[in-house]
Each structure stands twice: as structure tokens, then as C-alpha cells.
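Coordinates in review
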Amino acid sequence: MTRTTQDWQAADAAHFLHPFTDFQALARKGSRVIERGDNIWLWDTDGHKILDAMSGLWCVNVGYGQQALVDAAAAQMGKLPFYNAFFQTATPPAIELAELLAEVTPPQFRHVFFSGSGSEGNDTIVRMVRRYWDLLGQPERQVVISRHNAYHGSTMAGASLGGMSGMHAQGGLPIPGIVHIEQPYWWQHGRERGLTRDEFGLVAARWLEEKIEAIGAHRVAAFIGEPIQGAGGVIIPPATYWPEIERICRRHGILLVTDEVITGFGRTGNWWGCETMGVKPDLMTFAKGVTSGYVPLGGVMVGDRVADVLIERGGEFNHGYTYSGHPVACAVALANIRLIREQRLVEHVRDDVGPYLAARYRELLEHPLVGDAETCGLMGALLLVRDKARGLPFAESVEIGMVCRGHCFREGLIMRAVGDRMIVAPPLVITREQIDQMMALIHRCLDLTLADAQRQGWMG
Ligand SMILES: *Cc1c(COP(=O)(O)O)cnc(C)c1O
């Protein structure tokens, strides 16, 4: 029986509680049901062709329909669909993936702890950094410092590490021992103080030092941050920020953790966001791009500083997941990483489409709605403003991002709205010609949004 879109929507509304969704609003509107994908394109159940400028959810880096990943999954499922890694056992794909990850990560990383997702990876981070300090005889070092408007997942620890006020408001978060400093968002926190971006980067990093001093360094276990905040609106910190963060962590002996769930596997034009930012973390969380989203997998890269202590001091680390090192997920990750290497996708982003997207985004600054336009590799953000000359944002009651997103939806472009920021992160396989197609759609949606804003009297 083939179902119509209405059939799908009715069954969806009747039974499926979607993540991060107002259930009633969705039931009224009906979800868009995506049926098929190829390269950077999706098709819904009405046959509409859509340019996916968000790579699914920041994950489908090699694009849809890569047969090598499909074949790897099928072969591994046929041979051994599951075995665990708990009781001194392992499977070949998990071992091989651990080996390959050590190769494609910075040299301080030779060990990996697998999870099923990014959130679980960050739960592992909290458990692991506390275990590390326990083993070193400093059990009072418990506190993890993160940032407002960070996104680190949706489990109890992930949502606590994250700095999303809407998430903290539900369920009594953050859990104890997790505190936040302000984010390095120049437009919001630096511009009005008359600071250049580079000056602001140093100021924002020193908020970490102030927090450490307020808490007492002897109580702080780690600092965690996304090299570029993704879900927070593609907030690209000034170049001065991360090196100063690293200096502060080193000065106080605090572990430095980068959450590379989005920025890993080539997204920023290097294999890892920490390389783009020029820092050497002690731990890195990964997920999403490790399998290009074809199957769920995540984990933590454990640097020598931490691994040496965990291994040499001995004792059992009482932590793990049924799917830590899932053989099918690991087989797909192996195929995915080999494809990224063979097709030189990281170099493609760094030398070709990344700089091209940056140039095309600079042109967008001419648009009357666009107050800021910035990119890093294949992450891009536009800030929609009501008055460019005076740098004035839209009134809070005007949901300009949602208006723009509505136009994108109707025009066949998936671009995400985060407040007044419109963000993209297209698959790494995108070509210059396809970026031109994407930019034509973005221009069209901005023009339609501007026309709405003028009609409604929101501008000026
Ligand atoms: C998506 C994301 C996570 C959470 O990953 P899940 O697989 O959804 O649990 C964590 N950190 C960052 C930076 C993310 O973007």
C-alpha cells in the first residue's frame, strides 16, 4: 500500500513524539516527510526536490547515497551484526576504527572511547575527567566550565554542559558541578563596547580565568567548548580566543576539551576544529560526521595526558555503553573516513569550496537585511538586522528568522534559523556550481523576507 503525504502526517501526529518539537503545532501543520536523498539533494513524499544546506543535522558530510557506506554496513551485518566490547572482547571493525582515528586526529590522540552519540560522548567526558582527577589524588577537582549558548547534546550531562536556557528550564538543569561563562559572540558582547574582534576574543577568553579564580582552580576539572558553536547559531570566535583559552587552561592545570561533534572530519577545512583554531585539546568529543550520519556513532578521543593516567594507574573505569564500538557503526565509519581521504574532501573544503563560500558570503553583506555574514570552512551564518547602518536588530516580537526559514522551506532550500541568524553547513562534497545554486536560493529567500519586513513595517 502506498501512503499519501496526508496519511503519513496523520500517523506521524498520532504516534511520533518528535525531538525539540511543539507537538500541537506540528500536528496542526503536518510534518514534511523526507523519503529519499542523493548527493546534496532530498525529496519529500510530494516529490519536491530540496537542497539540503544543513547536511541533515550537520552530519551527512559525504552526501546522500554513497554506495561504499551502504556496502560496508551490509557486509558487516551479514558477517557479525553485533558483539560487545565489555568482557575483554572486541571486533575487527572497532579495532580498525580505533587505529584509523588515531591516524586522522592530532598526534596527542592515540586512544578512543566509543559511544552511540555525541550526547553520550559528552557524558563520558564528565565521567572521565572526574575519574582522571580522582586517580591523581585530587578528587575535589569536579567542576566543568562551559559556555552560555553552547550545545553539547540532550542527555542530563549533555544538556547541563550545554548553555541553552530553554533546556535548563526543563528538568532542573544543570546538574551540580557544571558552570557557564559567556560565549565569544562579538556582535552581541563586543561590538557595543567598541572592541575590535581580536580585542574581544581576549576579553571573552579571560572570562574563563575570572571564573576559575572565583571557583578556585583546585576545584576545576576541565573546560569544554565547541571550536565553533553550531546549534547556537554558527558563532565563529575571533582568532585570538582559543589560543588564550588554551593558555589559561594550561596555567591552571585544567583539562581542555573540544566538542568536535560538528567541527570534526573536515567541516572547518581541517580534519578538526581545534586545528583550525590552533589549539591542542586533551580530549575531543566526536559523532555526526564520523559516519556521515548513515548510522549512529560517537565517542571521545583521549589524549595521552589522560590516557596514561587511566591506563597506568589501573583499576576499572565503571562506564560504557552496550553499543560502544558497535561493529556495523564502526564498519560504516571506516568506509566514511576512507572516502573522505580518497576524495580529498578536507582539502576540497580548505582550498576550494570553503574559500569560494566565503567569497560568495561577502557579497551577501550588500543585501539590506544582512548585518553580518561569516563563514569558516563549510559553516556559514547570516545575521538579519532591521537597520544596517546603525546595526539595529529586529524587535524581539518579530521572528525574522522563522519568516526567512518559511521562505526557504517553500523555495526548496534547507537553511536553519537560530534567532536572527540563518545558518548553513552543506555536505562537504558540494561543488562550486552547487554553491552558486544555493546562493541563488539564499538571495531569493532574503528578497522575499525583505519584502515581508517592508510590508509589515519592521525595517528602519
Ligand atoms: C549534535 C551535537 C551534540 C549531540 O550529539 P547527539 O548525537 O545528538 O547526541 C553534541 N555536541 C555538539 C557540538 C553537537 O552539535
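Residues numbered from 1 in each chain as written. Predicted model: local features only at pLDDT ≥ 70, side-chain atom pairs only at ≥ 80, totals over all residues. Heavy atoms only, no water.

What you see with strand S15 (residues 421–424) is no split at all: Arg-421 and Ile-423 on one side and Met-422 and Val-424 on the other are buried throughout. Sheet topology places strand S12 (residues 379–384) next to S15; four bridges connect them, and they run antiparallel. Among the inter-strand pairings, Gly-380 is bridged to a residue of S15, identified as Val-424. Where strand S14 (residues 416–418) and S15 come together, three bridges link them in antiparallel fashion. By the bridge assignment for S15, Ala-417 is matched with Met-422. Taken together, S14 and the strand that follows it, S15, pair antiparallel across an intervening segment of two residues, in which Gly-419 is found at a positive phi of about 60°. (Buried < 20%, exposed > 50% of the residue type's maximum accessible area, 1.4 Å probe, protein only. Helix = DSSP H or I, 4+ residues; strand = E, 2+ residues; numbered from the N terminus. Pairing = 2+ DSSP bridges.)

Taken together, Ser-117, Gly-118, Ser-119, Asn-122, Tyr-151, His-152, Gly-153, Glu-226, Asp-259, Val-261, Ile-262 and Lys-288 are the residues near the ligand. Between a nitrogen atom of the ligand and a side-chain N or O atom of Asp-259, the distance comes to 2.7 Å. Lys-288 is positioned with one of its side-chain polar atoms (N or O) 2.7 Å from an oxygen atom of the ligand. Taking 380 Å² as the accessible area of the ligand by itself, protein coverage stands at 83%. (Near = heavy atom within 4 Å. Polar contact = N/O pair within 3.5 Å; in protein donor to acceptor, adjacent residues only side chain to side chain. Areas by Shrake-Rupley, 256 points an atom, 1.4 Å probe, with all protein chains shown as cover.)

This brings us to the packing of helix H6 (residues 118–135) against helix H13 (residues 304–312). Packing of H6 against H13 brings their axes to within 10 Å, and their N-to-C directions diverge by 60°. It follows from the interaxial angle that H6 and H13 lie oblique. Note on packing geometry: the crossing formed by H6 with H13 is left-handed. Where H6 approaches H13, its residues Met-128, Arg-131, Tyr-132, Trp-133 and Leu-135 are matched on the opposing element by Arg-305, Val-306, Val-309 and Leu-310. Split into classes, the residues belonging to the contact of H6 with H13 amount to seven nonpolar, no polar and two charged. (Axes fitted to C-alpha atoms, helices over the stretch in contact; angles between N-to-C directions. Parallel < 35°, antiparallel > 145°, perpendicular 65-115°, else oblique. Left-handed = near helix turned anticlockwise from the far one by under 90°. Contact = heavy atoms within 4.5 Å. Nonpolar A, V, L, I, M, F, W, Y, C, P; charged D, E, K, R; others polar.)

Following the criterion strictly, the structure yields 12 aromatic pairs and no others. Ring geometry for Tyr-132 against Trp-133: centres 4.9 Å apart, planes inclined by 80°, an arrangement best described as edge-to-face. Seen from their ring centres, Trp-186 and Trp-187 are 6.1 Å apart, and the 70° between their planes marks the pair as edge-to-face. The exposure class assigned to Trp-187 is buried, which follows from its relative accessible area of 15%. A connected cluster of aromatic rings, assembled from ring pairs, spans Phe-265, Trp-271, Trp-272 and Phe-286. The ring of Trp-43 is capped by Arg-36, whose NZ or CZ atom sits 4.0 Å from the centre of that ring. (Phe/Tyr/Trp six-rings, centres within 6.5 Å; stacked < 30°, edge-to-face > 60°. Lys NZ or Arg CZ within 6 Å of the ring centre and 35° of its normal.)

On to the pattern of salt bridges. All told, the structure shown has 22 salt bridges when counted by the stated rule. Salt-bridge contacts for Arg-305 lead to Asp-282; the nearest nitrogen and oxygen are separated by 3.4 Å. Of this pair, Arg-305 sits in helix H13 while Asp-282 sits in the loop between helix H12 (273–277) and strand S9 (283–286), placing them 23 residues apart in sequence. On the basis of relative accessibility, which here comes to 31%, the residue Arg-305 falls in the partly exposed class. Here Asp-282 falls in the buried class, since its relative accessible area comes to 7%. Measuring nitrogen to oxygen at the nearest pair gives 3.9 Å for the salt bridge that ties Arg-344 to Glu-347. Since its relative accessible area comes to 23%, Glu-347 is described here as partly exposed. Within this structure, Arg-206, Glu-209, Glu-213, Glu-244, Arg-247 and Arg-251 form a network of salt bridges that share partners. (Salt bridge = Lys/Arg side-chain N within 4 Å of Asp/Glu carboxyl O.)

Looking now at the sheet that holds strand S8 (residues 255–259). Spatially, S4-S10-S9-S8-S7-S5-S6 is the arrangement adopted by the seven strands of the open sheet, whose pairing is mixed. Two strands close off the open sheet at either side, each with one partner strand: strand S4 (109–115) and strand S6 (178–181). The mean inter-strand angle of the sheet, taken between neighbouring strand axes irrespective of direction, is 25°. Relative to strand S7 (residues 220–225), strand S5 (residues 143–147) is paired through three bridges, and the arrangement is parallel. Pairing of Val-144 across the sheet is with Ala-222, part of S7. Relative to the sheet, helix H5 (residues 92–104) contacts S4, S9 and strand S10 (298–303), its axis offset from that of S4 by approximately 135°. Strands S5, S6 and S7 of the sheet are contacted by helix H10 (residues 197–215), whose axis makes an angle of about 140° with S6.

Any functional reading would require information that these geometric values do not contain.
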